[in-house]
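# Structure at a glance
Chain by chain, the residues run as shown.
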Amino acid sequence: MESASTKSPHPPRKSRELTAVTIRFCGDSGDGMQFTGSEFTRVSALAGNDLQTLPDYPAEIRAPVGTLAGVSGFQVQFSSAPVFTPGDAPQVLVAMNPAALKSNLADLVRGGTLIINSGAFTQQNYDKAGYTSNPMEDGSLSAFRVHSIDISKLTATALAETGLSAREIGRAKNMFALGLMLWMYSRPMEPTIKFLQQKFAKTPDIAAGNEKALKAGYYFGETAEMFVETFVVAPAKLPPGTYRSISGNEATALGLVAVSELAGLKVFLGTYPITPASDILHELSKHRNFNVFTFQAEDEIAAVGAALGAAFGGNLGVTSTSGPGVALMQETIGLALTVELPLLIVNVQRGGPSTGLPTKTEQADLLQAIHGRNGESPVPVLAASGPADCFDAVLEASRIAIRYMTPVILLTDGFIANGQEPWMLPEVDKLAHFEPKFRTDPKDYKVYARDPKTLGRAWVRPGTPGLEHRIGGLEKHSLTGNVSYDPDNHELMVKTRAEKVARIADELPPLSVFGAPKGDVLVLGWGSTCGAIQQAVQHLRDKGHAISAVHLRHMNPLPKDLGEILGRFKTVVIPELNLGQLQMLVRARYLVDAQGIHKIKGKPFRVSELISALEEYLS
Amino acid sequence: MTETVQAKLTRKDFQSDQEVRWCPGCGDYVILAQVQKLMPELGIPKENIAFVSGIGCSSRFPYYMNTYGFHTIHGRAPAIATGLKASRPDLQVWVVTGDGDALSIGGNHFIHALRRNVDLKILLFNNRIYGLTKGQASPTSELGKKAKSTPYGTIDAPFNPIHLALGAGATFVARTSDADPVHMMEMLRRTAQHKGSAFLEILQNCVVFNDATFESFTAKDQRESKQIYMQHGKPLTYAGGTKGLRLTDGHAELLETASGATPLTWNEQADVSAAFALASCHTPDFPEPVGVFRAVDRPVHHTLQEMQGEAVLKKLGPGNLSKLLKAGDTWTIS
């Protein structure tokens, strides 16, 4: 086992080809499950699989060891066919302790593979997890193929001579589990070994220890007579191109870098740390060699305020936050819309209300985004449909902000922000530019004179001679921008601001209908539910049902052809991770008796859930 | 515009076409006049100057200045101005605020702008009352103040704005009053010249809701005996040089110069504790200090930001979007 090569001394066992596999790694918050899952995902991506991930971790950084509160999980579906979701239910569950087993077993498919770190299955840990009888002995695992392996002890033995402390050795057991999974799915170890060497470059003994644990796991699979077969998931036939694996938050940050180039503007991100949005700041702050600047403010009010100040200065102001942060920002968003400056607000939605479920996903901020301010205060709202789509959505939202001189809210959510999928890299020179036209001509300048088409006012950079002007939150004269309390002027301005946002719909491309253009049921979705809806609708269509789907990127204004499309179907069903927010908007706007499928559990839809809920509407 | 034309700018060039709408007799008029008078001598083209304000009587200020201006929302001017200055270091950015705006609803942004040493010129019009909402107690109203919101007197102790600014790490802290335009002009000039956050408290009279609140020591006939003018390098004396202040055990102590006691020579760069001690002096036991409490150099926010940007650029080279997107592990499907 000490061979430097990772080539196996044992002949390979018979290998079975699978189309798609869903694995879930789960353990204590300190067990490194997010790291293990991410690394398995990375290796699968490099092997050419299509995939999606679902990290699921507690809000507490380190809840008491061994308790249900501290369980952290990472699920990945990888496939040789297109993948739309992280998978409904894992076929393989790796459980590092009893608490992880207890909170995840219900999801494992009957007959699925269960790998247990028996070393952590002690009476003390059973007690902490609240087990009253031993699940290993009471028959509760009889429906699964259980592999009970003392990963703790095997890792300790393998690393005994390394000189690492007991604590350091304990922390390497996730690499044993990863090694075993790499072997089981016929993956090479080299990419992971290389990664460990880079990650622990400053502590080579830790790198070596982790590598040893990884190999120990890999060779354990190979040597132990426990596993009868290994599996191969062939590369997926994705469209030709160069790919990388990306999370929604990374894609959002890279989108902002791209905007700085495409708009020829400095992107100024004013933000305040908040789960699950902070990674946007972490990623963007690395790229100071582009025309981007990140500012960590004292609170969300200052974050969006600084972004708006930057917008006044002629830059693209951006803020990234989650629902509670948006609640604090709304007054400033109202100011931005009345002074008519471009501003991008990215809301990575999480479970609410209040602090709610910081690490879990939800789509319950749609009405907050559209209606959550005082007065008549229209703001364009967009939603991203998946991790990679966050890149395109940021470009589109920024384009609208600049073209129409308005704040724009972009909704993503915890699921796609942290989840990963392969992203076909765009060709940079083919991305459309959208440079703003700053006004420099002082002749006949009126602060609120408007572009006849978009109704956007001219953007003037301070520093431009002869165009000194004042803006503010008080109602202003429709042309000069001077403070005005005139009743007719106020009504005109309220209507003009509404009309400006409504006109965005004039330039939206037609909606595409997934499936036939008319039929019995139209499934209308938005945001991160895209993959699950598409897969469920495909399944039902394959069974012969007249069901189609439309997925919305533009939530406000709604696309102009939506009403007509809704009319072509007998029933409209709107699945949402809330109590029916889009449903309410659609009913109010189109007088259509739209039905809803609602889930508020902090988790994305499963395809199977959608299928059975949609079957109710199909006879 | 050429340099020569700019040099000819006058006070009038800084007056906007808007009618000033403060109450007749409001102290804000004096401040506006002095600021407009100061502007031409700064030698900065007016298009490179921006006034940012929050909400309150004072915050209408930008509308009357013919520069770039942004009348924002209650308390947030320092945050919005920080974003403006950080993204546009080439502009001179002024913040106009009041005691309610800066110290109550905007307290957080106020202290954070100061601790970051953002190059903002912050003018706080302190009239110890909420004027625009018609007369409620403010965070600088004296204990026991009877106002519309506190008919039996406020039970909330006031902030000392100078202490607050010093505690937040402000690099320039000064005080003046609307009753003394000459002194105000000098303080405004110092505020404009300072590099970093400059905080000027202007004792300002609200003629309608809190008239004459500072009159007992700012009135022309009282100043000499009730105010002490802090001047760098000069002894702290007042009342025609007959009285003075010195520090004993960290506290200000009154002295009669005739007794032979030596007044403290004021040093704007001295340990901050001296400024704290001076800012604790109030009538009737002490004279009210006006002038510069503190003026020190500390790295300015946008300078640090520029240095960091240059260092990163040197380390990473100019950004290449195509390369950035392809960074890390990629694979190709043909």
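Everything below is about the structure printed above this text.
What you see is a predicted model, and the numbers here were worked out from it, not measured in a lab. (Residues numbered from 1 in each chain as written. Chains lettered and ligands numbered in written order. Predicted model: local features only at pLDDT ≥ 70, side-chain atom pairs only at ≥ 80, totals over all residues.)

## Here we look at the sheet that holds strand β19 (residues 519-526) of chain A
Sheets are built from strands that pair by backbone hydrogen bonding, the pairs being arranged parallel or antiparallel. All names here are of chain A. How we decide: Here the rule is simple: two strands pair whenever DSSP picks up at least two bridges between them. Helix and strand assignments come from DSSP, with helices taken as H or I runs of at least 4 residues and strands as E runs of at least 2, each series counted from the N terminus. Two residues qualify as a contact pair if the distance between their C-beta atoms, derived from the backbone, is within 7 Å. Here the axes come from fitting lines to C-alpha atoms, over the contacting stretch only for helices, and the angles between their N-to-C directions go from 0 to 180 degrees.
The strand order across the open sheet built from five strands is β18-β20-β19-β22-β23, with neighbouring strands paired in mixed fashion. The outermost strands of the open sheet, each flanked by one partner alone, are β18 (513-514) and β23 (595-598). Both β19 and strand β22 (residues 569-576) contribute to a ladder of four bridges, which runs parallel. Paired with Leu522 across the bridge in β22 is Val572. Taken strand by strand, helix α17 (residues 530-542) contacts β18, β19, β20 (547-552) and β22, and its axis lies near 165° from that of β20. Its contacts with the sheet place helix α19 (residues 581-590) against β19, β22 and β23, and it is angled at close to 145° to β22.

## Considering helix α11 (residues 301-316) of chain B
Rules: Residue count minus one, scaled by 1.5 Å, sets the expected span of a helix.
Its 16 residues give α11(B) an end-to-end C-alpha distance of 22 Å, which sits within 8% of 22 Å, the value for a rise of 1.5 Å per residue. Of the residues trailing α11(B), Gly317(B) is marked for its positive phi of about 80°.

## Observations concerning the packing of helix α4 (residues 151-158) of chain A against helix α8 (residues 204-223) of chain A
Residue and element names in this part refer to chain A. Operational definition: Note that the term roughly parallel is reserved for angles under 35 degrees, roughly antiparallel for angles over 145, roughly perpendicular for angles of 65 to 115, and oblique for everything else. Should the near helix be turned counterclockwise from the far one by less than a right angle, the crossing is left-handed, whereas a clockwise turn marks it as right-handed.
Packing of α4 against α8 leaves a shortest axis separation of 9 Å and a crossing angle of 120°. Looking at the two axes, α4 sits oblique to α8. As α4 runs across α8, the sense of the crossing is right-handed. On α8, the residues touching Leu154, Thr155 and Ala158 of α4 are Lys212, Ala213, Ala216 and Phe220.

## Overview of the environment of Pro342(A)
All names here are of chain A. Note on placement: Pro342 falls in the loop between α12 (323-339) and β13 (343-349). The spacing of Pro342 and Trp459 is 117 residues in sequence and 9.0 Å in space, taken between C-alpha atoms. Non-local contacts of Pro342, meaning those with residues more than four positions away in its chain, are made with Ala311, Leu316, Ala401, Ile402, Met405 and Thr406.

## Here's the deal with the interface of chain B and chain A
Filter applied, for reference: Gly falls in the polar group here, along with every residue not listed as nonpolar (Ala, Val, Leu, Ile, Met, Phe, Trp, Tyr, Cys, Pro) or charged (Asp, Glu, Lys, Arg).
Listed per partner, the contact involves 52 residues of chain B and 56 residues of chain A. Listed by contribution, the elements that provide at least two residues to the side of chain B that touches chain A are β2 (68-71), α3 (77-87), α5 (107-116), α11, α12 (321-325) and β12 (331-333) of chain B. Here the side of chain B that touches chain A takes eight residues from α3(B), the largest share from any one element. Within the side of chain B that touches chain A, the residues separate by chemical class into 23 nonpolar, 22 polar and seven charged.

## Describing the environment of Asp488(A)
All names here are of chain A. The following threshold applies: Note on burial: count the other C-beta atoms lying within 10 Å of the residue's C-beta; 20 or more is buried, 12 or fewer is exposed, in between is partly exposed, and C-beta positions come from the backbone.
The topology assignment puts Asp488 in helix α16 (residues 487-502). Since 9 C-beta atoms lie within 10 Å of it, Asp488 is described here as exposed. C-alpha of Asp488 to C-alpha of Met96: the two residues are 392 residues apart in sequence and 68 Å apart in space.

## Section: α12(A)
Residues and elements named next belong to chain A. How we decide: Each residue is assigned a bend, namely the angle between axes fitted to the seven residues that terminate at it and the seven residues that start at it.
Counted at 1.5 Å a residue, the expected span for α12 with its 17 residues is 24 Å, and the 24 Å between its end C-alpha atoms agrees. At Met329, α12 shows its largest kink, close to 50°. Of all the 17 residues making up α12, twelve are buried; the element is thus mostly covered by neighbouring parts of the structure. Inspection of α12 places Gly323, Gly325, Val326, Met329, Gln330, Thr332, Ile333, Leu335, Ala336, Leu337, Thr338 and Val339 among the buried residues, and these make up the whole buried set.

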